[in-house]
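# Analysis of the macromolecular model
If you want the building blocks of each chain, they are given just below.
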Amino acid sequence: MASSSSTAQGKEAVSAIAKHTDAEGYEMPWVEKYRPVLLDDIVGNTETVERLKVIAEDGNVPHIIISGMPGIGKTTSIHCLAHALLGDAYKEGVLELNASDERGIDVVRNKIKSFAQRKVTLPSGRHKIIILDEADSMTAGAQQALRRTMEIYSNTTRFALACNMSNKIIEPIQSRCAILRYSKLRDAEVLKRLKEICEMEQVKYNDQGLAALIFTAEGDMRQAINNLQSTFSGFGFVSQDNVFKICDQPHPIVIRQMIKDCQNGSVDDALARINDLWDQGYSAVDIVVSVFRVTKGMEELQEYMKLEFIREIGWTHMRILEGVGTLVQLGAMVARLCKLSLPPQALKI
């Protein structure tokens, strides 16, 4: 996380953005309204962000690949780096292409190459930056064309690629880039940012509501902020029940009670809870993923029992992903979990 001075700067930047937005007279999504503009404002992945700060100070940015899960600040980090490097020349010196754009060989040959050839007035020693978001969705042919373009125009243009899985980028491009890996954000980091936004937007909440936002986001800051705004817009108060209504996920309290029923060997009660969730319209994969996440965090389960439960849940998840997403499959999982909890002599006929 950033130091206290940088945190203060971050809050000032957030306030400036909020005031500008209000003055314009339209409402932006909070995820855009509070998007960091300085490297100091970025939440989490401190060591990697420090490397970007060193690059920004040095001014000689290499080709870079940032990989990691969605919503943890990959593209935002590249934009912050570009702002730090180019300053007022940011608009002229940056080209961004997203996965929503057509990015076949023609785009690499025409749009990217023409931008790389264009002469732009930049601060001394700086380079133009081409940002390719979701780069792992580019075709193999486009990546091969990009490899050659990177080679030819490396004196004037640097490439920054953001992707979920760096192994989908071809080896020749990987070897030309510095690869930075972003990890999932910690709960405390997401919580701190949510509290800052709640303070700015005067959002009423309780601790259980914020805990539910963190549970549903799974380290994805973008999803956490979007869910916060949706819950506040819909209900005016961020509570646990309101969050799960907005996110439409099986309620962890129901799942936890079902696991306790399995732990006690109460197969009828556990099946009844699974049936209720199924009748509410939740898919098998929604239910089994929630069961896994709740089981993983249950401190009252003994360690060996938790391991056995997770193994059975994992087998069920695999079968569901293979296409057998039926209520019978979930019932079989419940039966196996109950069987694990019973003493061996109770199973003898």
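Looking at an unreviewed UniProt entry, one finds the chain named Replication factor C subunit 2/4, with Kwoniella bestiolae CBS 10118 as its source organism. According to the UniProt record, the Subcellular location (unreviewed entry) comment for the chain is "Nucleus". Quoted straight from UniProt, the Sequence similarities (unreviewed entry) entry for the chain says "Belongs to the activator 1 small subunits family."

## Remarks on the environment of Gly71
Structurally, Gly71 can be placed in the loop between strand S1 (64–67) and helix H4 (74–86). What Gly71 contacts, discounting residues up to four positions off in sequence, is Asp220, Met221 and Arg222.

## A closer look at the pattern of salt bridges
Using the criterion set out here, one finds 15 salt bridges in the structure. Between Glu312 and Arg336 there is a salt bridge whose closest N-O contact spans 2.8 Å. Of this pair, Glu312 sits in helix H16 (residues 303–321) while Arg336 sits in helix H17 (residues 327–341); the two residues are 24 residues apart in sequence, bridging distant segments of the chain. A relative accessible area of 23% places Arg336 in the partly exposed class.

## Some words on the nonpolar core
Counting 47 residues, the largest nonpolar core has Leu52, Leu81, Ile129, Leu194 and Leu228 as the members making the most contacts within it. Beyond its immediate stretch of four places on either side in the chain, Leu228 contacts Trp30, Leu194, Ile197, Cys198, Val203, Leu213 and Val238. The next biggest cluster of nonpolar side chains, apart from the first, holds 24 residues, and it includes Tyr282, Ile287, Val288 and Val291.

## Points about the environment of Leu85
With respect to the element layout, Leu85 can be found in helix H4. Sequence separation between Leu85 and Arg126 is 41 residues; the distance between their C-alpha atoms is 6.9 Å. Residues contacting Leu85, with those up to four places away along its chain left out, are Ile55, Ala56, Gly59, Val61, Pro123, Arg126 and Ile129.

## Observations regarding the sheet that holds S1
Ordered by their spatial adjacency, five strands build an open sheet running S2-S3-S4-S1-S5, and the pairing between neighbours is parallel. Among the strands making up the open sheet, the edge pair consists of strand S2 (94–97) and strand S5 (178–181). Neighbour to neighbour, the strand axes of the sheet diverge by 15° on average, direction disregarded. In this structure, S1 lies alongside strand S4 (residues 157–163), joined through four bridges in parallel fashion. The residue bridging Ser67 from the neighbouring strand is Cys163, located in S4. Against the sheet, helix H3 (residues 46–58) makes contact with S1 and S5, and its axis sits at roughly 145° relative to S5, the strand it touches most.

## Some thoughts on the packing of aromatic side chains
Using the criterion set out here, one finds two aromatic pairs in the structure. Their ring planes at 35° and their centres at 6.1 Å tell us that Trp30 and Phe232 sit as a pair that is tilted. With Trp30 in helix H2 (residues 30–33) and Phe232 in helix H11 (residues 221–235), this residue pair connects regions lying 202 residues apart in the sequence. Residue class for Phe232 comes out partly exposed when judged on its relative accessible area of 23%. Considering the side-chain rings of Phe215 and Phe244, the 6.2 Å spacing of their centres and the 65° angle between planes classify their relative orientation as edge-to-face. Of this pair, Phe215 sits in helix H10 (residues 207–217) while Phe244 is found in helix H12 (residues 240–247), placing the two residues 29 residues apart along the sequence. Directly above the aromatic system of Phe115 lies the positively charged group of Lys128, at a separation of 5.5 Å from the ring centroid. Sitting above the plane of the Phe215 ring, Arg293 keeps its charged end 4.1 Å from the centroid.

## A closer look at the confidence of the model for the chain
Here the chain shows a mean pLDDT of 84. Residues at 70 or above account for 89%. Counted against residues more than four places away or in other chains, residues 1–25, with its pLDDT under 50, gives 31 contacts.

## Describing unusual backbone geometry
Positive phi, normally seen in glycine, also occurs at Glu134, with a value near 50°. By the element assignment, Glu134 lies in the loop between strand S3 (128–132) and helix H7 (140–152). Backbone geometry at Gln202 places phi at a positive 55°, although glycine is not the residue there. Position of Gln202 relative to the elements: it lies in the loop between helix H9 (187–201) and H10. By relative accessible area, Gln202 is classed as exposed at 67%.

Rules of the game
- Residues numbered from 1 in each chain as written.
- Predicted model: local features only at pLDDT ≥ 70, side-chain atom pairs only at ≥ 80, totals over all residues.
- Heavy atoms only, no water.
- UniProt positions renumbered as here; feature names shortened; annotations may be inferred.
- Helix = DSSP H or I, 4+ residues; strand = E, 2+ residues; numbered from the N terminus.
- Contact = heavy atoms within 4.5 Å.
- Salt bridge = Lys/Arg side-chain N within 4 Å of Asp/Glu carboxyl O.
- Buried < 20%, exposed > 50% of the residue type's maximum accessible area, 1.4 Å probe, protein only.
- Core = buried A, V, L, I, M, F, W, Y, C linked by side-chain atoms within 4.5 Å.
- Pairing = 2+ DSSP bridges.
- Axes fitted to C-alpha atoms, helices over the stretch in contact; angles between N-to-C directions.
- Phe/Tyr/Trp six-rings, centres within 6.5 Å; stacked < 30°, edge-to-face > 60°.
- Lys NZ or Arg CZ within 6 Å of the ring centre and 35° of its normal.
- pLDDT = per-residue confidence, 0-100.

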